[in-house]
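Geometric and topological summary
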Amino acid sequence: MKNNLITTMMFLIVALSITVACNSSNTDSNQLNSNQNQKNDTTKYPIDILDSNGENVRIYEKPEKIIVLDSAAVEILFAIGQGDKIVGTHSFVTHPEEAKQIPKVGDAFSINIEKIIEQEPDLVYIFFNKFAEDLNKNQLKVLYIKTLENDFSNISDQILMWGKITGNQDSAIQLSEKFQDQIENIQSKINYQSESPKIFIDTTDLWTSGPNTLMGEVLELLNLSNIAHDISGYAQLNPEIIIERNPDFIITPNPSTFKNNPAFQEISAVKNNKIFTLQSDALSVPGPRFPEGINELASLIYPDW
Amino acid sequence: MIFPWKYTLLSLIILCSIMVISISIGPVYISSFEILKIITNKLQIIEIEKSWPQSFESIILNIRMPRVFLAGIVGLALSISGASYQALFKNPLADPYLLGIASGAALSVTIVMTQFENSSLITNFIPVSAFSGAIICVTATYYISTKQHGSTNTLILSGIAIASITQACTSFLMLYSNPDLRPLLSWILGGFASAQWDQILIIGPYILISTIISISISKYFNLIQLNQEHSQQLGLNTQKIKLIIVINSSINTAAAVSFAGIIGFVGLICPHIIRNIFGGDYRNIIPLSGIFGAILLVLSDTISRTILNPVEIPVGILTALFGGPFFLYLLAKTKNQN
Amino acid sequence: MNNLLKISNLSFKYEGEHILKNINFENSTGKLTGVIGPNGAGKSTLFRLITGTLKPTNGEIVIAGQNVSELSIKNRAKLVSLVPQNPEIPSTLSVYETVLFGRHPYTNFLGWENKKDLDATNKSLKLTKIEHLGKRKIQTLSGGEKQKVLISMSVAQNTPITLLDEPTSNLDIDNQILILNTIKNLQKNNHSFLISLHDLNLASLYCDELILLSKGKIITIGTPKSVLTEDNIKKAYDTEIKILEHPVYNTPIITPIISNPSK
């Protein structure tokens, strides 16, 4: 009984750090950049997209019905005006508002193959390899691109990839440029010479992100010093370490964890009441809203942002 | 009366020294002399000039000490309730999770976490909900089984049935509710990272009272090992005593899981080892396995917070990881002896 | 006559069926009374009614002047002790600890024993001649020794009457005799026993009085000589037998007759 529980938990943890942290795709190796500077609205099909298994997926014509099991990709498609092509998503998609009306054909842990087939999609986009085989067996065109674990600049490559796939490269280029502008704008506001304030990002119960994560990179961009600089990936930080490293800021969904615990009263973030909660989930979806999330975090730290 | 004073005192001394050692170990190095000064100062035995940073005081007094004490009383509670269930079911493989207690607690914590938005409310509500979930499940299990004359088998079977139902509900809620599930996972994996004195004050009295009750009635644990007709003819109201054991142990378990989450194997292994060493008299098993459980969990927690510095490992993973193989070794060893 | 056990008009129904019907019977102190009869005759039910585990549908059982069904569990335990047919004793307990269980009805509400209980335990170990086993663990005992421990426990319980449910059923002949001799010996010390036995010859040899049950009714009560007749056995067991006489004690001995005499 207990063992089952633990196995399930371990699986859920893995799955969750994937969904919550970063539902995106790694397009490092996509051969897209050649098209980037051509103002070209129509894609010449067929096109080849390199998936995360290192294989080319050939798309013969413009897909009209797409299943997107990934929050970031859904946001990108809506942002480039192709949201109406989505015929199925997974149940954790929260943004934009219209996306909530799209049929749910799966979640982070399972997919409903019958429902997917029923939609007769031209393309099924997944971030989790587990389902690829099942989908392939049913003669579905599958594009599997692994979850983005770090390097959020890849978001802009992913935007371009979707522009190419949907034959909508103009809007994609615009959106990608807007994304890069936003990031550059944030960079320009930061004085990297000044001392970095120390920060602790608590996701819950002292679980936090290390430097090699999307969150870790955001902190670096904002010239913040992550007190969890010596962990890899996601982990639960020892409370003694938090006291010793004495963060100036704490970001947490549960401020009471720190405010009500006598052990944390000497931490400067607690003494100076610098404990904040992020209101939007933009930083947990590496899509077009990601810069908004960075701005939200920055405005909590820097008073005149 | 026969009470193992000698062994109890000896194991209490071992427990105390392990707790002291455990308090002096941690990712942040604080010398033993300084720890001594901090504690002496706090107890106001003698005036000591404060020569240490305030953060050391927080770490010793508000992190390590509550942590070590919480681990201790949770180990005590899990181990004693494990021994009690083993006596009740006449089955050395019984443990606090058998009656659907842990799964009941997990379900109600899941309900609270997935159905309520206010996160600070959730944090405060976890222990209460774990407690009520555990009690509801045990009551259901016991009620169903007494409908069938309360035999041990029906008790175990209805416990398993209740556990399956609650686990199915938990999985369903986890899969089909939107909120961030990490607090829930973190709770289920178990641990003492956020131990506080307040938590000890809340669950301590329950554990203390139910431990005292268990030790006082440990003679009855022996008597219910006889067949039911026989023990009744010795003047034992078996239905009543079984009900007392179930309620008492469930309160104990619920108190243990409410803050520490689900920590497996302690309730199974500790009584087993004590039984191997001291024999089958529950007047030995109850107090000694309780202390042994405390020792085991304090040690496990010390390992879980220091071995991957600065990262914590959920202590439930650790007990299962080390407990499993050790248990298999014990099984193999007893078989050879026979 | 001093009435130790008095059963009057006792009936017990289970799911509408009579398991026992109109049982009447009296017994006095210091007797070894055997209950015999075929399987399903109601021996176990009778024992359970006397111990108070079951409540009679009709009639009453009075032991030493007290109505069993009106007593608390603990007070019943001071009147009747039981040596069950399938005992479960924790194998890692010692003989002494096990016999000490017999003192439970006299302990306080936490079940802790005092000096008096320890003395009574020592005394009953001596009476059953197992003092030398005191420190041994139950798992190291032979079947006969285990049975003696159980009898010793019932002696420690110090009740006016002890019920023995098939105490010889799993034993070889040497241990059967050993156990019955132990019981007989205790009887000399004025202990009273109600014993159920399958072996009619042993019942004949050891019991002062026999109760022959069949289909929930008493066929007859009396001395072994008056109960163990060819007619009575035919009635109860539906089996042809012949009665011989014991060469030493003159008690009846039962020998079966093969119904299909191919010999």
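What counts, and at which threshold
Residues numbered from 1 in each chain as written. Chains lettered and ligands numbered in written order. Predicted model: local features only at pLDDT ≥ 70, side-chain atom pairs only at ≥ 80, totals over all residues. Helix = DSSP H or I, 4+ residues; strand = E, 2+ residues; numbered from the N terminus. Rg over C-alpha atoms; globule rule 2.2 N^0.38 Å. Buried ≥ 20, exposed ≤ 12 C-beta atoms within 10 Å, placed from the backbone. Contact = placed C-beta atoms within 7 Å. Nonpolar A, V, L, I, M, F, W, Y, C, P; charged D, E, K, R; others polar. Domains from an automatic or database assignment. pLDDT = per-residue confidence, 0-100. Pairing = 2+ DSSP bridges. Right-handed = clockwise from strand over helix to strand, strands pointing away. Expected span 1.5 Å × (residues − 1). Axes fitted to C-alpha atoms, helices over the stretch in contact; angles between N-to-C directions. Parallel < 35°, antiparallel > 145°, perpendicular 65-115°, else oblique. Left-handed = near helix turned anticlockwise from the far one by under 90°. Core = buried A, V, L, I, M, F, W, Y, C linked by C-beta atoms within 7 Å.

A closer look at the overall build of chain C
For chain C, the helix and strand inventory stands at 9 helices and 12 strands. Here the C-alpha radius of gyration of chain C, 19 Å, is about what a compact globule of 263 residues would show, namely 18 Å. The principal-axis extents of the C-alpha atoms in chain C amount to approximately 60 × 40 × 35 Å. Across the 263 residues in chain C, those meeting the buried criterion constitute 42%. If you take every contact in chain C between residues at least 6 apart in sequence, the share linking residues at least 24 apart comes to 64%.

Remarks on the overall build of chain A
Tallying secondary structure elements over chain A gives 11 helices and 13 strands in all. Across the 305 residues that make up chain A, the buried fraction comes to 46%. Considering only residue pairs separated by 6 or more positions, chain A has 58% of its internal contacts joining residues 24 or more positions apart.

A closer look at the interface of chain B and chain C
Facing the 21 residues of chain B at the interface are 27 residues of chain C. Counted by class, the side of chain B that touches chain C contains 7 nonpolar, 11 polar and 3 charged residues.

Digging into the domain arrangement of chain A
Residue and element names in this part refer to chain A. One can read the domain layout of chain A as domain 1 (2–176) and domain 2 (190–301). Contacts between domain 1 and domain 2 engage 19 residues on the former and 13 residues on the latter. Secondary-structure elements contributing two or more residues to the side of domain 1 that touches domain 2 are α1 (2–21) and α2 (71–79). Counting residues per element, the side of domain 1 that touches domain 2 draws most heavily on α2, which supplies 5 residues. Its residues assigned to classes, the side of domain 1 that touches domain 2 comprises 10 nonpolar, 7 polar and 2 charged.

A word on the confidence of the model for chain A
The pLDDT averaged across chain A works out to 82; a share of 86% of its residues lies at or above 70. Note that residues 5–40 of chain A has pLDDT below 50 and, in this model, 76 contacts with residues that lie over four places away or in other chains.

Some words on the pairing of strand β8 (residues 192–196) of chain C
Residues and elements named next belong to chain C. A large share of β8 lies buried, amounting to 5 of its 5 residues. Where burial is concerned, the two faces of β8 agree: the one with Ser192, Leu194 and Ser196 and the one with Phe193 and Ile195 are both buried. In terms of strand pairing, strand β3 (residues 32–36) meets β8 through 4 bridges, oriented parallel. Bridge pairing links leucine 32 to phenylalanine 193 in β8. With 5 bridges connecting them, strand β7 (residues 161–165) and β8 associate as parallel partners. Along β8, the bridge assignment pairs leucine 164 with isoleucine 195. For the handedness criterion, the β-α-β arrangement of β7, helix α6 (residues 173–188) and β8 is classed as right-handed.

Focus on helix α13 (residues 282–306) of chain B
Helix length check: α13(B), at 25 residues, gives a terminal C-alpha distance of 35 Å against a target of 36 Å (1.5 Å per residue), a fit within 8%. Burial analysis of α13(B) places 22 of its 25 residues in the buried class, the great majority of the element.

What about unusual backbone geometry?
Among all residues except glycine, the phi angle is most often negative; among peptide bonds, the trans geometry is most common. With an omega dihedral of -10 degrees, the bond running from A:His95 to A:Pro96 counts as a cis peptide bond. Checked against the element boundaries, A:Pro96 lands in the loop between β4 (86–90) and β5 (104–106). Across the junction of B:Asn309 and B:Pro310, the peptide omega takes the value 5 degrees, indicating a cis bond. With respect to the element layout, B:Pro310 can be found in the loop between α13 and β1 (311–312). Of note in the backbone geometry, C:Asn9 takes a positive phi value of approximately 50 degrees without being a glycine.

Side note on the pairing of strand β12 (residues 252–256) of chain C
All names here are of chain C. Bridge analysis of strand β11 (residues 241–245) against β12 gives 5 bridges, and the strand direction is antiparallel. The residue of β12 that forms the bridge with glutamate 245 is proline 252. In this structure, the hairpin formed by β11 and β12 is closed by a connection of 6 residues, where asparagine 250 is found at a positive phi of approximately 65 degrees.

What to know about the arrangement of the chains
Where the 2 pairs of chains in contact are concerned, the greatest contact count is recorded for chains A and B. Taking C-alpha atoms only, the smallest gap left between chain A and chain C, which are not in contact, amounts to 28 Å.

Here's the deal with the sheet that holds β7(C)
Residue and element names in this part refer to chain C. The strand order across the open sheet built from 6 strands is β6-β7-β8-β3-β9-β10, with neighbouring strands paired in mixed fashion. Of all strands in the sheet, those with a lone pairing partner are β6 (80–83) and β10 (217–222), marking the two edges. Averaged over neighbouring strand pairs, the angle between their axes works out to 20 degrees when direction is ignored. Most of the contacts of helix α5 (residues 143–156) go to β6, to which it runs at about 175 degrees, and overall it touches β6 and β7.

Things to note about the environment of B:Ile207
Residue and element names in this part refer to chain B. Here isoleucine 207 lies in helix α8 (residues 197–216). Expressed as a C-alpha distance, the spacing of isoleucine 207 and alanine 256, which sit 49 residues apart in the sequence, is 7.7 Å. Non-local contacts of isoleucine 207, meaning those with residues more than four positions away in its chain, are made with Ile73, Leu76, Ala77, Asn252, Ala255 and Ala256.

Structural notes on the sheet that holds strand β7 (residues 142–144) of chain A
Residue and element names in this part refer to chain A. Strands sit in the order β5-β4-β3-β6-β7 across an open sheet of 5 strands; the sheet is parallel. For this open sheet the edge positions go to β5 and β7, each flanked by a neighbour on one side alone. Pairwise comparison of adjacent strand axes, ignoring direction, gives a mean angle of 25 degrees for this sheet. In this sheet, β4 lies alongside strand β3 (residues 66–69) in parallel orientation, the contact comprising 3 bridges. Paired with isoleucine 66 across the bridge in β4 is isoleucine 86.

What to know about the confidence of the model for chain C
In the predicted model, chain C carries a mean pLDDT of 88, and 98% of its residues have values of at least 70. Both scores are given for the predicted complex: the pTM is 0.82, the ipTM 0.84.

Re the packing of helix α12 (residues 266–278) of chain B against α13(B)
Residue and element names in this part refer to chain B. Where α12 meets α13, the axes come as close as 8 Å, and the angle between the chain directions of the two elements is 125 degrees. Our classification of the angle between α12 and α13 gives oblique. Here α12 and α13 pass one another in a crossing that is right-handed. From α12, Val266, Cys270, Pro271, Ile273, Ile274, Arg275 and Phe278 reach across to α13, where they touch Asn284, Ile285, Leu288, Ser289, Phe292, Gly293, Leu296 and Leu297. Looking at the contact of α12 with α13, its residues break down into 11 nonpolar, 3 polar and 1 charged.

Details of the nonpolar core
By size, the foremost hydrophobic cluster in this structure holds 242 residues, and its most contacted members are A:Tyr125, B:Leu70 and B:Val74. If you tally residues by element for this core, the top one is helix α3 (residues 54–89) of chain B, at 20 residues. In this structure, this core is formed jointly by two domains, domain 1 (2–176) and domain 2 (190–301) of chain A, each of which donates at least three residues.

Quick word on the packing of α8(B) against helix α11 (residues 238–260) of chain B
Residue and element names in this part refer to chain B. Direction vectors running N to C along α8 and α11 enclose 155 degrees, while the axes themselves pass 9 Å from each other. Relative to α11, the element α8 lies roughly antiparallel. Between α8 and α11 lies a crossing whose hand is left-handed. Contacts from Gln199, Ile203, Tyr206, Ile207, Ser210, Ile213 and Ser214 in α8 reach Asn248, Ile251, Asn252, Ala255, Ala256, Ser258 and Phe259 in α11. Partitioned by chemical class, the residues of the contact of α8 with α11 number 8 nonpolar, 6 polar and no charged.

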